[in-house]
Amino acid sequence: MLMIGPHRIEGYAIVSADGMIADGSGKMPDTIRNDADQRFLQREMDRAAVVVHGRHSHEGGPRAGDRKRIILTRQIASVAPDPSHPHALLWNPAGAKLEAAIAALGAADGTIAIIGGTDVFGVFLPLYDAFHLTHAAHAKIPGGRPVFPEVGPQTTPQDVLARRGFRPGPRRDIDAAAGITLTTWERANG
Ligand SMILES: NC(=O)c1ccc[n+]([C@@H]2O[C@H](COP(=O)([O-])OP(=O)(O)OC[C@H]3O[C@@H](n4cnc5c(N)ncnc54)[C@H](OP(=O)(O)O)[C@@H]3O)[C@@H](O)[C@H]2O)c1
């Protein structure tokens, strides 16, 4: 297990059949929004010690304001309070280690939840203990933004995870009618 102090690191994404998390303009289309996936995500965020994301990937929802969060940005040098979110810290990985950001935030023990977007999911690929990949089989987003930078016409998100040493758990049909499945990939050599 790859732990940062007492923390497990877990990633969460819903992807289209072609591995995209948003369209080319950086908007998440309704074709990959799903209530069952949202319920899963919100439950997981409630139990996370810290939620981590890029400046455009806030998860929203009624309890979002109570969650401790770290927001990646290059607009500051290292770490700084976020004037618009009282429980949040702005973090530039080029200027400070994740451990320093976690300590500055005073986060409790528990999971560090990584929720995107593309570059942020990529930064954490060497560090995830598990990645929760929701798949929307009926949606395609040509020209969209991939879940990981390496995803492309010849490379699926599942390929990327497998090459990085993750192994898939059982596939769960969380909304069979809508073609939505959830698979948790665990790091095999952890
Ligand atoms: N389907 C899904 O599961 C899922 C998941 C996440 C997001 N999304 C969607 O994807 C879209 C946003 O995508 P995005 O890729 O633009 O998102 P993003 O990662 O949330 O935002 C990009 C910004 O985050 C900061 N950032 C990212 N990587 C950084 C790094 N390594 N170091 C420092 N700062 C960094 C930069 O902020 P500054 O410009 O401030 O420097 C960058 O402009 C939204 O529509 C969102 O809803 C979907």
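Here we summarise the structure given alongside this text. (Residues numbered from 1 in each chain as written. Predicted model: local features only at pLDDT ≥ 70, side-chain atom pairs only at ≥ 80, totals over all residues. Heavy atoms only, no water.)

## Observations regarding the site of the ligand
What surrounds the ligand is a group of 26 residues, the closest being Gly26, Arg55, Ser57, Thr73 and Arg74. Within the contact set of the ligand, an oxygen atom lies 3.3 Å away from a backbone nitrogen or oxygen of Gly54. The contact in question runs from an oxygen atom of the ligand to an N or O atom on the side chain of Ser57, over 2.6 Å. The fraction of the free accessible surface of the ligand (920 Å²) that becomes covered by protein chains is 85%. Where the shell around the ligand is concerned, the elements lending two or more residues are strand E1 (9-16), strand E2 (20-22) and helix H3 (118-123). (Near = heavy atom within 4 Å. Polar contact = N/O pair within 3.5 Å; in protein donor to acceptor, adjacent residues only side chain to side chain. Areas by Shrake-Rupley, 256 points an atom, 1.4 Å probe, with all protein chains shown as cover. Helix = DSSP H or I, 4+ residues; strand = E, 2+ residues; numbered from the N terminus.)

## Quick look at the packing of aromatic side chains
Applying the stated criterion to the full structure yields seven aromatic pairs. Between Trp91 and Phe124 the ring centres are 6.4 Å apart and the planes differ by 55°, which places this aromatic pair in the tilted class. Of this pair, Trp91 sits in strand E6 (residues 88-91) while Phe124 sits in the loop between H3 and strand E8 (130-136), and the two are 33 residues apart along the sequence. Since its relative accessible area comes to 4%, Trp91 is described here as buried. (Phe/Tyr/Trp six-rings, centres within 6.5 Å; stacked < 30°, edge-to-face > 60°. Buried < 20%, exposed > 50% of the residue type's maximum accessible area, 1.4 Å probe, protein only.)

## Some thoughts on the environment of Ile4
Relative to the helices and strands, Ile4 resides in the segment before E1. Exposure remark for Ile4: the relative accessible area of 11% places this residue in the buried category. Between the C-alpha atom of Ile4 and that of Glu99, which follows or precedes it by 95 residues, the distance is 6.9 Å.

## Details of the environment of Pro146
On the secondary structure map, Pro146 appears in strand E9 (residues 145-146). Among residues more than four places away in sequence, those in contact with Pro146 are Gly19, Met20, Ile21, Thr118 and Val151. (Contact = heavy atoms within 4.5 Å.)

## Re unusual backbone geometry
Glycine aside, residues mostly have negative phi, and peptide bonds are mostly found in the trans state. With an omega dihedral of 0°, the bond running from Gly116 to Gly117 counts as a cis peptide bond. Inspection of the secondary structure puts Gly117 in the loop between strand E7 (112-114) and H3.

## A short note on helix H1 (residues 35-47)
With 13 residues, H1 extends 19 Å between its outermost C-alpha atoms, agreeing within 8% with the 18 Å of an ideal straight helix rising 1.5 Å per residue. Restricting attention to buried positions, one finds in H1 the residues Ala36, Asp37, Phe40, Leu41, Gln42, Glu44 and Met45. Against E1, strand E3 (50-54), E7, E8, strand E11 (172-175) and strand E12 (180-187) lie the buried residues of H1. (Expected span 1.5 Å × (residues − 1).)

## Some details on the pairing of strand E4 (residues 69-72)
Here E4 shows no split at all, with Arg69 and Ile71 on one side and Ile70 and Leu72 on the other all buried. As paired strands, E3 and E4 are joined by four bridges and run parallel to one another. Counted as the bridge partner of Val52 is Ile70 from E4. In this structure, E4 lies alongside E6, joined through four bridges in parallel fashion. Pairing of Leu72 across the sheet is with Trp91, part of E6. (Pairing = 2+ DSSP bridges.)

These results come straight from atomic positions and should not be treated as a statement about function.
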